[in-house]
Amino acid sequence: MLDIKYLRSHLKDVEGKLKKRDATLDLSLVTELDTKRRELLQDGEALKEKRNTVSVEIGNLKKEGSDATELIVEMQGVSRRIKEIDLELAECEERLKDFLLTIPNVQHESVPQGADEDDNRIERIVGEPTELAFTAKEHGDIGEALGILDFERAAKLSGARFSLLRGAGARLERALINFMLDLHTGEHGYTELLTPYMVNRECYFGTGQLPKFEDDLYKLEGLDQYLVPTAEVPVTNVHSGEVLRESELPLYYTAHTPCFRKEAGSYGKDVKGLIRQHQFNKVELVKLVSPEKSYEELDLLTANAEEVLKRLGLPYRVVTLCTGDLGFSSAKTYDIEVWLPGQGKYREISSCSNFEDFQARRAQIRFKPEGGGKPRYVHTLNGSALAVGRTLVAVLENYQQEDGSVVVPEALRPYMGGLERIEF
RNA sequence: GGAGAGGUGGCCGAGAGGCUGAAGGCAACUGCCUGCUAAGCAGUUAUAGGGGAAACUCUAUCGAGGGUUCGAAUCCCUCCCUCUCCGCCA
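Reading guide: rules and limits
- Here the residue numbers are simple positions, counted from 1 along each chain's written sequence.
- For this description, chains carry letters from A and ligands carry numbers from 1, given in the order in which they are written.
- Given that the model is predicted, a residue must reach a pLDDT of at least 70 before its local features are reported, and side-chain atom pairs must reach 80 or more before they are shown or counted; all residues, however, enter totals for whole chains, interfaces and linings.
- Calculated side-chain values reflect all of the structure's heavy atoms, with hydrogen atoms and water omitted.
- Throughout this document, a residue counts as near a molecule or strand when at least one of its heavy atoms sits within 4 Å of that molecule or strand.
- Counting of polar contacts relies on pairs of N or O atoms within 3.5 Å, with two restrictions inside protein: one atom must be capable of donating a hydrogen and the other of accepting it, and residues adjacent in sequence are counted only when both atoms are side-chain atoms.
- Every helix listed is a DSSP run of H or I at least four residues long, and every strand listed is a run of E at least two residues long, numbered separately from the N terminus.
- Only Asp, Glu, Lys and Arg are considered charged, only Ala, Val, Leu, Ile, Met, Phe, Trp, Tyr, Cys and Pro nonpolar, and every remaining residue, Gly among them, polar.
- Angular values range over 0 to 180 degrees, each being the angle between N-to-C directions of two axes fitted as lines to C-alpha atoms, with helices fitted over their stretch in contact.
- Each angle receives one of four descriptions, namely roughly parallel if under 35 degrees, roughly antiparallel if over 145, roughly perpendicular if within 65 to 115, and oblique otherwise.
- Here a crossing is called left-handed whenever its near helix is offset anticlockwise from the far helix by less than a right angle, and right-handed whenever the offset is clockwise.
- Any pair of residues with heavy atoms lying within 4.5 Å of one another is described as a contacting pair.
- When DSSP finds at least two bridges between two strands, those strands are taken to pair.
- Relative accessibility under 20% of the residue-type maximum defines a buried residue, over 50% an exposed one, and the middle range a partly exposed one, all with a 1.4 Å probe and only protein chains included.
- Along the arc lie the directions from the helix axis toward the C-beta atoms.
- We call a set of buried Ala, Val, Leu, Ile, Met, Phe, Trp, Tyr and Cys residues a nonpolar core when their side-chain atoms join them within 4.5 Å.
- For a helix, the expected span equals 1.5 Å multiplied by the residue count minus one.
- One fitted axis covers the seven residues ending at a residue, a second covers the seven starting there, and the bend at that residue is the angle between these axes.
- Put simply, a patch holds well-exposed residues, over 30% relative accessible area, that have no salt bridge, with like charges counted together within 9 Å and Val, Leu, Ile, Met, Phe, Trp or Tyr side chains within 5 Å.
- For the area figures, the Shrake-Rupley method with a 1.4 Å probe applies, and any residue is considered shielded solely by the protein chains shown.
- Put simply, a salt bridge is a Lys or Arg side-chain nitrogen that is within 4 Å of an Asp or Glu carboxyl oxygen.
- Charged-residue counts in this description rest on Lys and Arg as positive and Asp and Glu as negative, His and the chain ends being excluded.
- Every charge is mapped to an atom, namely NZ of Lys, CZ of Arg, CG of Asp or CD of Glu.

### Structural notes on the protein's contact with RNA strand B
Phase 1: Looking at RNA strand B, there are 24 residues lining it, with Arg8, Lys63, Gln76, Ser79 and Lys368 nearest.
Phase 2: Taken together, the sugar and phosphate atoms account for 75% of what RNA strand B places within 4 Å of the protein.
Phase 3: In the model, a phosphate oxygen of RNA strand B is placed 3.1 Å from a nitrogen or oxygen of the Arg38 side chain.
Phase 4: Gln76 has a polar side-chain atom sitting 2.7 Å from a phosphate oxygen of RNA strand B.
Phase 5: Considering every element that reaches the surface near RNA strand B, the biggest residue donor is helix 2 (residues 28–63), with 13 residues.
Phase 6: Of the residues that constitute the surface near RNA strand B, the class distribution is five nonpolar, five polar and 14 charged.

And the structure:
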């Protein structure tokens, strides 16, 4: 959510920037509602002041045994009027807030302008796309042939976009999760969290999934909770409503959770394989940092995610999302895309974003500055490090052998009981 | 699932319709004082939203939301959370 005070004085400027993300955007409602709100507030508060003073007078009169009927009757009218104004004010504030909640974050100045992913800016390419001496197969074919992936039975259990892993496949997924968590906690300074996988509505407003993107979420019938679509939601909200000490910052958290997404609007996309599932595992990095350092921290966080790919020996590139591809809450996002020989292209495996104070304002996450003064909003960041299912895909496709077996990357072998190769 | 208890400031804890943004204690900060890290005295220490150039001022906030009343931390209703006991359960 954007700061209403900032909006008041920079409306045109903000509107101009946001039009690069969404050309249809119109912020005039903000001014209208904000002006009305302040009028109502002033009227209401003047009446309340009167009521407070007169009520004291009434108390005094009664104490000395005098008659206060006249004042009481007058105040009955005042109270009625206050109630009316408060009602109107509440309605006005709700409309304003509802509207503010639907306005995306303002992008950082370094974000390239563009319409869609084709306009994303390539920052760096690390490693060469894997060269195979034979025709590369897609991970689904590799996995099914090895008996470690079973989409048919998964469909029997749950339907489309689910998977069943078996034997070395299931273990490989678990190995990846443990490898990633160990790396981030052991070498990158993150604290591991294990969070609820169902969290209440409020959390989703905090991180920006609600109110706009309800269609992507699984809501639990009859309950206030939704299944988490990413650990970003529970982890970022851990400190919601809190005022932290500046000395506690930066906070680095990592968490593995399953992620549940309806994938509404992606019909026909990635229908085969593990790339796009209703349920997948992800290891997430989340940071709460002081505002001055958030872009520095974004680079570090991205490097932490890249380190996973480096250790696994997987080629990848990093792109900066353009205005048209940028997520609702983000001010700047780097996507990490891993090379998939089976598809012959780079595919997103991580998304690392700086939300600046957009989520912190929604979730009310603040810190008390060391030198004193008013609490300030922290900056929040997060990134996948990595999407586990897609990493498994990348391992299968990049380490496939002509005989159909798959070599286990060295970094994972300790997590696979020393297994060096997955064979039928 | 059943029965009970409770949610007050950074923390502890009073308050039971009006003078309570909230006693008292602790903690922290500031000043004074005492020749030393101790004690004493005085003061300060919440958040948000308005108005004002500013000094300052107004409004709201005692788990959340509603109600009663001229006036609610205090009375009534609904909800949330925590704790204890019983039941059930990995």
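### Side note on the packing of helix 1 (residues 4–19) against helix 2
Phase 1: Where helix 1 contacts helix 2, the axes come no closer than 10 Å and their chain directions differ by 155 degrees. Between helix 1 and helix 2, the angle is such that the two are roughly antiparallel. Once helix 1 is placed against helix 2, the crossing between them reads as left-handed. Here helix 1 contributes Ile4, Leu7, Arg8, Leu11 and Glu15 to the contact with helix 2, which in turn contributes Ser28, Val30, Thr31, Asp34, Arg37 and Arg38.

### Some thoughts on the sheet that holds strand 12 (residues 376–377)
Phase 1: The three strands lie next to each other as 5-11-12, forming an open sheet whose pairing is mixed. Unpaired on one side and paired on the other, strand 5 (243–245) and strand 12 mark the two borders of the sheet.
Phase 2: Relative to strand 11 (residues 366–368), strand 5 runs parallel, the two sharing three bridges. Along strand 11, the bridge assignment pairs Leu244 with Phe367.

### Regarding the pairing of strand 7 (residues 279–289)
Phase 1: For strand 7, the tally of buried residues reaches ten of eleven residues, placing the bulk of the element in the interior.
Phase 2: Where strand 6 (residues 251–260) meets strand 7, ten bridges bridge the pair, whose relative direction is antiparallel. Of the residues in strand 7, the one forming a bridge with Thr254 is Leu285.
Phase 3: In the sheet, strand 7 pairs with strand 13 (residues 379–387) via seven bridges, with the strands oriented antiparallel. Pairing of Leu285 across the sheet is with Gly383, part of strand 13.

### Examining helix 4 (residues 139–146)
Phase 1: Restricting attention to buried positions, one finds in helix 4 the residues His139, Gly140, Ile142, Gly143 and Leu146. Around the axis of helix 4, the buried residues are gathered within 165 degrees of arc, so they sit on the same side.
Phase 2: Contact partners of the buried residues in helix 4: helix 5 (151–157), helix 11 (388–398), strand 14 (406–407) and strand 15 (421–422).
Phase 3: One or two positions beyond helix 4, positive phi appears at Gly147, with a value near 75 degrees.

### Things to note about the nonpolar core
Phase 1: In this structure, Leu172, Leu176, Met180, Leu309, Leu314, Ile336 and Ile422 are the most contacted members of the largest nonpolar core, which totals 51 residues.
Phase 2: Counting residues per element, this core draws most heavily on helix 6 (residues 168–186), at eight residues.

### Re helix 1
Phase 1: Over its 16 residues, helix 1 extends only 18 Å from the first C-alpha to the last, a length that falls short of the 22 Å expected when each residue adds 1.5 Å.
Phase 2: The principal kink in helix 1, of about 95 degrees, is found at His10.
Phase 3: Every buried residue of helix 1 is listed here: Leu7, Leu11, Val14, Glu15 and Leu18.
Phase 4: Residues of helix 1 that are buried make contact with helix 2 and helix 3 (69–100).
Phase 5: One side-chain oxygen of the residue at the start of helix 1 lies 3.2 Å from the amide nitrogen of Lys5, identifying that residue as Asp3.

### Looking at a negative patch on the surface
Phase 1: On the surface, a cluster of negative charge is contributed by Glu88, Glu91, Glu94 and Asp98.
Phase 2: Looking at the element boundaries, Asp98 is found in helix 3.
Phase 3: Judged by relative accessible area, which is 41%, Asp98 ranks as partly exposed.

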